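# Topology and contacts: notes
Letter by letter, the chains look like this.
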Amino acid sequence: MPSHTIHIDEEKYKKHISGMHKNNTWSLCVGAGICRNILPDWFELTRRIVNKTFKYNWDHDTFKENSELMGFGLDAWIQGSLNHHVNIDKGTKTSFNKILETELYRDLLNEAAKNKLDVQIKTFFEKPKSLNKKDMLRVYDFFEKRYANTTLIQLVKVLVEDPDNISLPQSIITLNADSLLYSLLILFSIKQHNAGKTSFEIPEEKYRKITKPYQTWGNKIPIFHLHGSISPSINDKILDNRDNLIFLEDSYNQIAGSMHSWAQSTFLYTAQNNIITFLGLSMSDSNLRRWLGWTATNHSLELNKNAKNPVITLRHLWIKTEQKDKELQKFSDVSLHHLGVKVALINSWNTVGKSLLHILEY
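Below you will find a few notes about this structure. (Residues numbered from 1 in each chain as written. Predicted model: local features only at pLDDT ≥ 70, side-chain atom pairs only at ≥ 80, totals over all residues. Heavy atoms only, no water.)

### Things to note about the overall build of the protein
Of the regular secondary structure elements, the protein holds 14 helices and 8 strands. Relative to the compact-globule value of 21 Å for 362 residues, the protein shows a C-alpha radius of gyration of 21 Å, a close match. Across its three principal directions, the C-alpha atoms of the protein cover 65 × 60 × 40 Å. Classification of the 362 residues of the protein by burial places 50% in the buried group. Residue pairs at least 24 apart in sequence account for 70% of intrachain contacts in the protein once pairs closer than 6 positions are excluded. Of the roughly 18,300 Å² of accessible surface on the protein, a fraction of 49% belongs to carbon and sulfur atoms. In the protein, 45 positive and 39 negative side-chain charges are present, and the distance between their average locations comes to 4 Å. (Helix = DSSP H or I, 4+ residues; strand = E, 2+ residues; numbered from the N terminus. Rg over C-alpha atoms; globule rule 2.2 N^0.38 Å. Buried < 20%, exposed > 50% of the residue type's maximum accessible area, 1.4 Å probe, protein only. Contact = heavy atoms within 4.5 Å. Areas by Shrake-Rupley, 256 points an atom, 1.4 Å probe, with all protein chains shown as cover. Lys, Arg positive; Asp, Glu negative; His and termini not counted. Charge placed at Lys NZ, Arg CZ, Asp CG, Glu CD.)

Below is the structure:
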C-alpha cells in the first residue's frame, strides 16, 4: 500500500486499494458532511440557532463576517446562544434543545410535510419498524427520489450490501447528533430484503444504535453516537438521548478534561485496534485530533522498539475530494501524517458509493 495519498478512483491505484479492508478489522467514522443537502451543516445550523435565540436576521455572509471578527468556534456560538436563552430569556436547557431540534430538522420536515409525510418521518427516526408497510415504502421513496445522490444515501446502500460481497465495518462512530444513518439502514435493509417478494417481513437488524455506555450490541454492528442523539419529537414526546448532547463549548471542554469519558474511551479503543476510514469530516475537531495523536504516538513507539530504521505507518484513511489549488492539496496530503492518517481522494461526492465499493468489495 502506498504510504502517502492515494486516489481511490484512479486505475493506477486499483491493485493497492481493491479489497484493502478484506483482511483488516476496520471501523467507519462519519461527520456532518455525510448529511449535506439533507440537513444543515454545522455553520448553517449555528447561524439559525443564533438568529432564533437573539432574534437576529443574519444571512450567511453576515454570520461569516461576524464569526471571523469574534474569532469564536461554532461550539462557542452555540454556547453563547444557550447562555442568552437561559440567563436573559429565562429559558431552560430543555427548551434550548427544542430550538436545536427545530432548526436541525426544519428543512427535512418541511419537505416531508409537502408530501403529507411529516408524522411518518418523525416516527421513522426513533421507531422505524413501527411504520406499516405502506408508510414504510412511502418514506423509502421519499428519501430515494429526493436524496439519492447525497453521501448519506450512497453510504447506506453500501452498508446494506451482503456481507459475503463486501467487508462491513466492525463498528461505526458518528459525531452527528441525528440518527438518520441508523434509521435509513433499517429502512433500506427492509426494502432490500423484500425486493421481488410477494410477502413482506422485517429482517433481523445488522446494526444497533448505541448512545449510552451501558448499552450492548450482541452480534450487531454498533453505531456509537459519541456526541449524543436528538430526533424530531412527536407531540412533545421525546424518545432520543438529547440529555447527553455535545454541541456546547462546555460539553467539549468536559470531554477534553476527562481521562475516562465514554466518548474518549470508545474512540481510543477503536483507533488502537482498527483501521478507521473517515468520511464527511473536516478533521478539525480538537478532541478527535488529540485522540488520534495519542494512538499514533503509541503505535509508532511499538513499531520502532527494535527497528534499525524509523518505521512510519499511516493506518487510517481520510476520504475527501481533491483541492482545486495544487499547493493547498500538497499541504493537505501530509497534514495528518502525525496522526497516522493518509488522504484517500475520490473523484466526486456524487459517486462516493462506487468509490467506497472499490475498497470494500472482495
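### Here we look at the nonpolar core
With 68 residues, the main nonpolar core has Leu 108, Ile 121, Phe 143 and Leu 184 as its most contacted residues. Sort the elements by how many residues they give to this core and helix H9 (residues 180–193) lands first, with 9 residues. In contact with Leu 108, not counting residues within four places along its chain, are Ile 38, Leu 39, Ile 121, Phe 125, Phe 142, Phe 143 and Tyr 147. Listed in part, the 23 residues of the second largest apolar core include Phe 224, Leu 292, Leu 336 and Leu 345. (Core = buried A, V, L, I, M, F, W, Y, C linked by side-chain atoms within 4.5 Å.)

### Considering the environment of Thr 277
By secondary structure assignment, the location of Thr 277 is in strand E6 (residues 275–279). Considering only alpha carbons, one finds Thr 277 and Asp 178, 99 residues apart in sequence, at a separation of 20 Å.

### A word on the packing of aromatic side chains
Each aromatic ring pair is summarised here by two numbers: the centre-to-centre distance and the angle between the ring planes. On inspection of all chains with the given rule, the structure shows 16 aromatic pairs. Note on Phe 63 and Trp 77: the rings are 5.2 Å apart at their centroids and 75° apart in plane angle, and the pair reads as edge-to-face. Here Phe 63, found in helix H3 (residues 60–70), pairs with Trp 77, found in helix H4 (residues 74–87); they are 14 residues apart in sequence, far enough to count as distant. Note on Phe 124 and Phe 143: the rings are 5.3 Å apart at their centroids and 40° apart in plane angle, and the pair reads as tilted. (Phe/Tyr/Trp six-rings, centres within 6.5 Å; stacked < 30°, edge-to-face > 60°.)

### Remarks on the pattern of salt bridges
Scanning all chains against the criterion turns up 13 salt bridges. Here Arg 48 makes a salt bridge to Asp 107, at a shortest N to O gap of 2.7 Å. With Arg 48 in helix H2 (residues 42–54) and Asp 107 in helix H5 (residues 93–114), the pair connects residues that are 59 residues apart, well separated along the chain. Taking the relative accessible area as the measure of exposure, Arg 48 reaches 10% and is therefore buried. For Lys 197, the salt bridge identified is with Glu 201, shortest N-O distance 3.8 Å. Judged by relative accessible area, which is 39%, Glu 201 ranks as partly exposed. (Salt bridge = Lys/Arg side-chain N within 4 Å of Asp/Glu carboxyl O.)

### Things to note about the sheet that holds E6
Pairing is parallel in the open sheet, where 8 strands are placed in the order E1-E8-E7-E6-E2-E3-E5-E4. Looking at which strands have only one partner, the edges of the open sheet turn out to be strand E1 (6–7) and strand E4 (207–210). When strand E3 (residues 171–174) meets strand E5 (residues 221–225), the two strands line up parallel, connected through 3 bridges. The residue of E5 that forms the bridge with Ile 173 is Phe 224. Running at roughly 160° to strand E2 (residues 26–30), helix H8 (residues 151–159) makes contact with E2, E3, E4 and E6 of the sheet. (Pairing = 2+ DSSP bridges. Axes fitted to C-alpha atoms, helices over the stretch in contact; angles between N-to-C directions.)

### A word on a negative patch on the surface
A surface patch of negative charge is lined by Asp 59, Asp 61, Glu 65 and Glu 68. Among the structural elements, Glu 68 can be located in helix H3. (Patch = residues over 30% accessible without salt bridge, like charges linked within 9 Å, V, L, I, M, F, W, Y side chains within 5 Å.)

### Let's talk about the pairing of E6
Among the 5 residues that make up E6, 5 are buried, leaving the element largely enclosed by the rest of the structure. With burial as the criterion, each face of E6 is covered, one bearing Ile 275, Thr 277 and Leu 279 and the other bearing Ile 276 and Phe 278. Sheet analysis places E2 next to E6, joined by 5 bridges and oriented parallel. Bridge pairing in E6 links Ser 27 to Ile 276.

### Brief notes about helix H14 (residues 352–360)
Residues separated by three or four positions in an α-helix point in the same direction, a consequence of the helix having 3.6 residues per turn. The element H14 is largely enclosed, with a buried count of 7 among its 9 residues. Buried within H14 are the following residues: Val 352, Gly 353, Ser 355, Leu 356, Leu 357, Ile 359 and Leu 360.

### Some words on unusual backbone geometry
Notably, Lys 55 is not glycine yet its phi reads approximately 60°, a positive angle. Mapped onto the elements, Lys 55 comes out in the loop between H2 and H3. In this structure, Met 283 is a non-glycine residue whose phi angle is positive, near 65°. Within the secondary structure layout, Met 283 lies in the loop between E6 and helix H12 (286–303).

### Here's the deal with the pairing of strand E8 (residues 341–346)
The buried fraction of E8 is high, at 6 of 6 residues. Because side chains alternate across E8, one face comprises the buried residues Val 341, Val 343 and Leu 345, and the other comprises Lys 342, Ala 344 and Ile 346, equally buried. Taken together, the 2 bridges between E1 and E8 define a ladder with parallel strand orientation. By the bridge assignment, His 7 is partnered in E8 with Leu 345.

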